[in-house]
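What the coordinates show
Spelled out from the first residue to the last, the chains are:
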Amino acid sequence: MAHNCLQCIKYLMFVFNLLFWLGGCGILGVGIWLAVTQGNFATLSSSFPSLSAANLLIVTGTFVMIIGFVGCIGAIKENKCLLLSFFIMLLIIFLLELTVVILFFVYTDKIDKYAQRDLKKGLHLYGTDGNIGLTNAWSIIQTDFRCCGVSNYTDWFEVYNTTRVPDSCCLEFSENCGLHSPGTWWKAPCYETVKIWLQENLLAVGIFALCTAMVQILGLTFAMTMYCQVVKADTYCA
C-alpha cells in the first residue's frame, strides 16, 4: 500500500514539475524574444536600467526551469537530497514573495513617492542614445493609456527646456505634434492613470497571485509528502 502511494505521488510530482519546467521554458523564450526584438523594453527606471520586462522574464524563466528540473529528477529518481533541495528553494521563493507583498502594503506611500521621483528622473533619458527601451516604453504607455508625463504633462517641459512634449502625448498623432499647443495633448498623468487601471483590475491581479501561491503550495506539499514517503520506504527496507 505504501509503495503504491509512493508511486502515485512520484508520478504526480513528476508531471507537476514537468509542467513547471515547460512554463519556465515559455517565460524564458518570451524574455529572450523581447530582448532581441524590443531591446530593454519596459525599462522606465533610471536607477535600475537592468530592471526591464525582458530581463525579469529571463531571470524568472531560468529560476523556474532550474527548480522544475530539480523537482523532476528528484521525483523520478526518488532522491531525498534533490527533493529536499526542491522544497527549500521553493519555500525560499514563496517566503520572499510574501515578504515583498507585506513590505509593499506597509510602505505604499514611500514607494509611491520614490517611484514618481525616479520616473521623472528617467524622463531625461527619453530619446537619448542607448535608451531605446525606455523611449519605447514611455511612447507605448502614453499612447495606450492616453496620458502624458509622470504627474503632469509639464514634466516634459523640464526635459526639453521648452513648452514641448513627445509626439506620443498628442490627441491625434502626427510628426512634431508635440510642439503644438497644450490643447492638442493628453492631460492625464500617467502614474495615476496606470495606478487606477491596476486598481480596476485588482481582481485579475489577485486571482493571478492566488493561483501562483496555490501552485507553489501544491509543489511544497508534493515535495515534502514524497520526501517523507521515501524516508519511510528506506527505513522499512532497512
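Here is a short report on the structure shown in this document.

About the cut-offs
- Residues numbered from 1 in each chain as written.
- Predicted model: local features only at pLDDT ≥ 70, side-chain atom pairs only at ≥ 80, totals over all residues.
- Heavy atoms only, no water.
- Core = buried A, V, L, I, M, F, W, Y, C linked by side-chain atoms within 4.5 Å.
- Buried < 20%, exposed > 50% of the residue type's maximum accessible area, 1.4 Å probe, protein only.
- Helix = DSSP H or I, 4+ residues; strand = E, 2+ residues; numbered from the N terminus.
- Contact = heavy atoms within 4.5 Å.
- Phe/Tyr/Trp six-rings, centres within 6.5 Å; stacked < 30°, edge-to-face > 60°.
- Lys NZ or Arg CZ within 6 Å of the ring centre and 35° of its normal.
- Disulfide = S-S within 2.5 Å.

1. What about the nonpolar core?
- Formed by 20 residues in total, the largest nonpolar core has its most connected members in Leu-123, Trp-138, Cys-148, Val-150, Trp-156 and Val-165.
- The set of elements that each furnish at least two residues to this core consists of α4 (108-123), α5 (132-144), α6 (155-160) and α7 (190-200).
- The dominant element in this core, judged by the number of residues it contributes, is α5, at 3 residues.
- Beyond its immediate chain neighbours, meaning those up to four positions away, Trp-156 contacts Leu-123, Tyr-126, Gln-142, Cys-148, Gly-149, Arg-164, Val-165, Pro-166 and Cys-169.
- Core analysis: the second largest hydrophobic core is formed by 17 residues, Ile-9, Phe-16, Ile-67 and Leu-90 among them.

2. Thoughts on the packing of aromatic side chains
- Counting across every chain of the model gives 10 aromatic pairs.
- Each member of the aromatic cluster is reached from another via a ring pair, and the members are Tyr-126, Trp-138, Trp-156 and Tyr-160.
- One cation-aromatic arrangement involves Arg-164 over Tyr-160; the distance from NZ or CZ to the ring centre is 4.8 Å.
- The ring of Tyr-153 has Lys-187 sitting right over it, with the charged end atom 5.5 Å from the ring centre.

3. Structural notes on the state of the cysteines
- With the rule as written, the count across this model stands at 3 disulfides.
- One disulfide bridge connects Cys-148 with Cys-169, the sulfur atoms lying 2.1 Å from each other. Handedness of the Cys-148-Cys-169 disulfide follows from its S-S torsion of about 90 degrees: it is right-handed. A residue pair is termed long-range when its members are at least 10 positions apart, and Cys-148 in the loop between α5 and α6 and Cys-169 in the loop between α6 and α7 qualify at 21 residues.
- With relative accessibility at 0%, the residue Cys-169 sits in the buried group.
- In this model, Cys-170 is linked to Cys-177 through a disulfide, with the two sulfur atoms separated by 2.1 Å. On the sign convention where negative is left-handed, the bridge of Cys-170 and Cys-177, at about 110 degrees about the S-S bond, is right-handed. A single burial state applies to Cys-170 and to Cys-177, both of which are buried.
- Described in terms of the sequence order of its bonded cysteines, the disulfide pattern of the protein chain is 1-6, 2-3, 4-5.

What is shown is where atoms sit, not what they do.
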